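Tertiary structure, described
What follows is each chain in one-letter form.
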Amino acid sequence: MVRKIIHIDMDAFYASIEERDNPALRGIPLAVGQADGRGVVTTANYEARRFGVRSAMSSSKARKLCPNLTFVQCRFEYYKTVSAQIHQIFKEYTDIIEPISLDEAFLDVSNNLRGIELGIDIAREIKQRIRNDIGLIASAGVSYNKFLAKIASDYRKPDGLCVIPPERAMDFVAKMPVEAFWGVGPVTAAKMHNLGIYTGEDLRKFSLPELRLHFGKAAKQYFDFARAIDNRPVESYRERKSNGCEHTFDHDISNKTEIEQQLLLLCNELAERLQKHGFSGHTLTLKVRFADFTQITRSMSGICRGTTIPDSSLLFTLAQELMNKADIQEKPIRLLGLSISKSDSGKNLSPLQMYLDL
Ligand code: TTP
Ligand code: MG
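Now for a quick tour of the structure. (Residues numbered from 1 in each chain as written. Chains lettered and ligands numbered in written order. Predicted model: local features only at pLDDT ≥ 70, side-chain atom pairs only at ≥ 80, totals over all residues. Heavy atoms only, no water.)

Some points on the sheet that holds strand E1 (residues 5-10)
Spatial ordering of the open sheet is given by E5-E6-E1-E7-E8, a layout of 5 strands whose pairing is mixed. Of all strands in the sheet, those with a lone pairing partner are strand E5 (97-101) and strand E8 (161-163), marking the two edges. Going from strand to strand, the sheet's axes swing by 15° on average, the running direction of each strand aside. Sheet topology places strand E7 (residues 138-143) next to E8; 3 bridges connect them, and they run parallel. (Pairing = 2+ DSSP bridges. Helix = DSSP H or I, 4+ residues; strand = E, 2+ residues; numbered from the N terminus. Axes fitted to C-alpha atoms, helices over the stretch in contact; angles between N-to-C directions.)

Quick look at the pairing of strand E12 (residues 333-341)
Most of E12 sits out of view: 7 of its 9 residues are buried. Bridge count between strand E9 (residues 242-253) and E12: 8 bridges; the pairing is antiparallel. When the sheet's bridge partners are listed, Ile253 is paired in E12 with Ile333. Bridge analysis of strand E10 (residues 283-290) against E12 gives 8 bridges, and the strand direction is antiparallel. From the neighbouring strand, Thr283 faces E12, where its bridge partner is Ser341. (Buried < 20%, exposed > 50% of the residue type's maximum accessible area, 1.4 Å probe, protein only.)

Examining the coordination of the magnesium ion (ligand 2)
Metal coordination angles in their ideal form are 109.5 degrees for the four-donor tetrahedron and 90 or 180 degrees for the six-donor octahedron. Each protein donor to the magnesium ion (ligand 2) is listed here as Asp9 (OD), Met10 (O) and Asp103 (OD); together their distances run 2.1 to 2.2 Å. The site at the magnesium ion (ligand 2) holds 6 donor atoms, and with the angles between them running 86 to 175°, its shape is octahedral. Written as a sequence motif, the donor residues of the magnesium ion (ligand 2) are D-M-x92-D. One end of the pair, Met10, is in strand E1; the other, Asp103, is in the loop between E5 and strand E6 (104-108), and 93 residues separate them in sequence. Residue Met10 is classed as buried on the basis of its relative accessible area of 3%. (Donors = N, O, S within 2.8 Å, 3.2 Å for Na, K, Ca; no water. Tetrahedral: all angles 85-135°; square planar, octahedral: opposite > 155°, others 65-115°.)

Looking at the packing of helix H4 (residues 76-91) against helix H5 (residues 119-134)
Relative orientation of the contacting elements H4 and H5 amounts to 135°, with a least axis distance of 10 Å. Comparing the axis directions of H4 and H5 gives the class oblique. H5 is crossed by H4, and the crossing has right-handed handedness. Together, Val82, Gln85, Ile86, Ile89 and Phe90 of H4 and Ile126, Arg129, Ile130, Asp133 and Ile134 of H5 make up the contact between the two elements. Taken together, the residues that form the contact of H4 with H5 break down as 7 nonpolar, 1 polar and 2 charged. (Parallel < 35°, antiparallel > 145°, perpendicular 65-115°, else oblique. Left-handed = near helix turned anticlockwise from the far one by under 90°. Contact = heavy atoms within 4.5 Å. Nonpolar A, V, L, I, M, F, W, Y, C, P; charged D, E, K, R; others polar.)

Details of the pairing of E1
E1 sits mainly inside the fold: 6 of its 6 residues count as buried. What you see with E1 is no split at all: Ile5, His7 and Asp9 on one side and Ile6, Ile8 and Met10 on the other are buried throughout. Of the strand pairs in this sheet, E1 and E6 are connected by 5 bridges, and their pairing is antiparallel. Each residue of the ladder has a partner; that of His7, found in E6, is Phe106. Pairing analysis gives 6 bridges linking E1 to E7, with the strands arranged antiparallel. Bridging from a neighbouring strand, His7 pairs with Gly141 of E7.

Some details on the site of ligand 1
As a structural note, the neighbourhood of ligand 1 is formed by 14 residues, with Ala12, Thr43, Tyr46, Arg49 and Asp103 the closest of them. Between ligand 1 and the protein, one listed contact pairs an oxygen atom with a backbone N or O atom of Ala12 at 2.8 Å. Take Tyr46: an N or O atom from its side chain is 2.5 Å from an oxygen atom of ligand 1. For ligand 1, the accessible surface in isolation is 560 Å², of which the surrounding protein chains cover 68%. Those elements that provide at least two residues to the shell around ligand 1 are E1, helix H1 (13-21), strand E3 (41-44) and helix H2 (46-49). Its residues assigned to classes, the shell around ligand 1 shows 6 nonpolar, 3 polar and 5 charged. (Near = heavy atom within 4 Å. Polar contact = N/O pair within 3.5 Å; in protein donor to acceptor, adjacent residues only side chain to side chain. Areas by Shrake-Rupley, 256 points an atom, 1.4 Å probe, with all protein chains shown as cover.)

Quick notes on the pattern of salt bridges
Pairs can form between side chains of opposite charge whenever their charged atoms are close. The full count for this structure, using the stated rule, is 20 salt bridges. Arg114 is the partner of Glu92 in a salt bridge, and the nearest nitrogen-oxygen pair spans 2.8 Å. You can see Glu92 sitting in the loop between H4 and E5 and its partner Arg114 sitting in the loop between E6 and H5, a full 22 residues away along the chain. Glu92 gets classed as partly exposed once you look at its relative accessible area, which sits at 30%. What makes Arg114 partly exposed here is its relative accessible area of 41%. Between Glu269 and Lys217 there is a salt bridge; the shortest N-O distance is 3.3 Å. Taken as a pair, Glu269 in helix H12 (residues 256-277) and Lys217 in the loop between helix H10 (208-215) and helix H11 (219-226) lie far apart in primary sequence, 52 residues in all. One salt-bridge network, in which partners are shared between bridges, spans Glu92, Arg114, Glu125, Arg129 and Asp133. (Salt bridge = Lys/Arg side-chain N within 4 Å of Asp/Glu carboxyl O.)

Quick notes on the state of the cysteines
Disulfide: a covalent bond formed between the sulfur atoms of two cysteine residues. Inspection of every chain in the model, using the stated rule, returns 0 disulfides. Here Cys245 is not cross-linked by a disulfide; its sulfur's nearest cysteine counterpart is in Cys267, at 8.3 Å. Looking at Cys245, the relative accessible area reads 7%, which means it is buried. Under the relative-accessibility criterion, Cys267 is labelled buried at 0%. (Disulfide = S-S within 2.5 Å.)

Structure follows, in structure tokens:
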């Protein structure tokens, strides 16, 4: 079955909330953030963007670009409550909601709670509800995967509603500048430009081995995106109880230095995954599978407080402790795995959700 995925991204989120609450701020260039000293712009309304004012820009630079710029203080706690209200609307349509930030989420509406046939009808309704009930404008993208739904929501911003049906996907992606692709930041974009890759169409000319040569692990993702393929599920974090990774080695390992090296690689990968998913947990588990396929696991709980996401060096220290506990002697190892899980008593929520109170 073709999936129906919606990506919602609120327009100029913080600034629009301030405009909604104070009509005197409407229609004039507005930035949210500290005006003076070392202040930065969190976001600017579209009037200010015409002058080149952007998120993360220093306030002094923003003022140079737009001398009439009005600044208002950021009220982060308040924006969180607005975000939670928006999520209440989403929940009327589906349980499968993946929050990306306060103002952005993916919804899988393939089997939606309202039994609505078309994704575009749901997106239109959600936009309307956000406008009527909350007084804000959202852009929505609809497609059969996350990659395309996100591109679609960005396509006609602000107040956008764009659908990319399967038959248009390849053409759509062909024309996209690579900068718009997921995971392509300025450094990767510059690298692609050096190879003559400016659009999805250019990217498609490269084979997977060629892309691997230049982009390593990320190559498969670029290769797939250039072909409008993205099989990642919409992950509603509430369901996720653990997050981990494992490596099966080309040859069995038993040398202490080699084991440590592999453990470090695993920790780096796990730390990256946890950051990407905004996931934290209380229990770390090491899995060791030996050459003879017997397997042991060693765990430790209470590894970090609250919703702190452990970094690679903390993971490495703990993983080494677990390895010592495992006391594997010189037995050759075929696979190592490392995962973080929620303790039974812990709230089964991602840091983002805890912080959003969703
Ligand atoms: P965005 O969705 O990136 O920006 P936006 O909603 O203001 O504008 P649009 O989607 O119409 O382009 O980010 C959402 C909010 O997150 C934004 O209103 C302010 C905040 N934010 C920061 O605090 N710092 C940043 O660097 C960025 C990009 C956003
Ligand atoms: Mg936004």
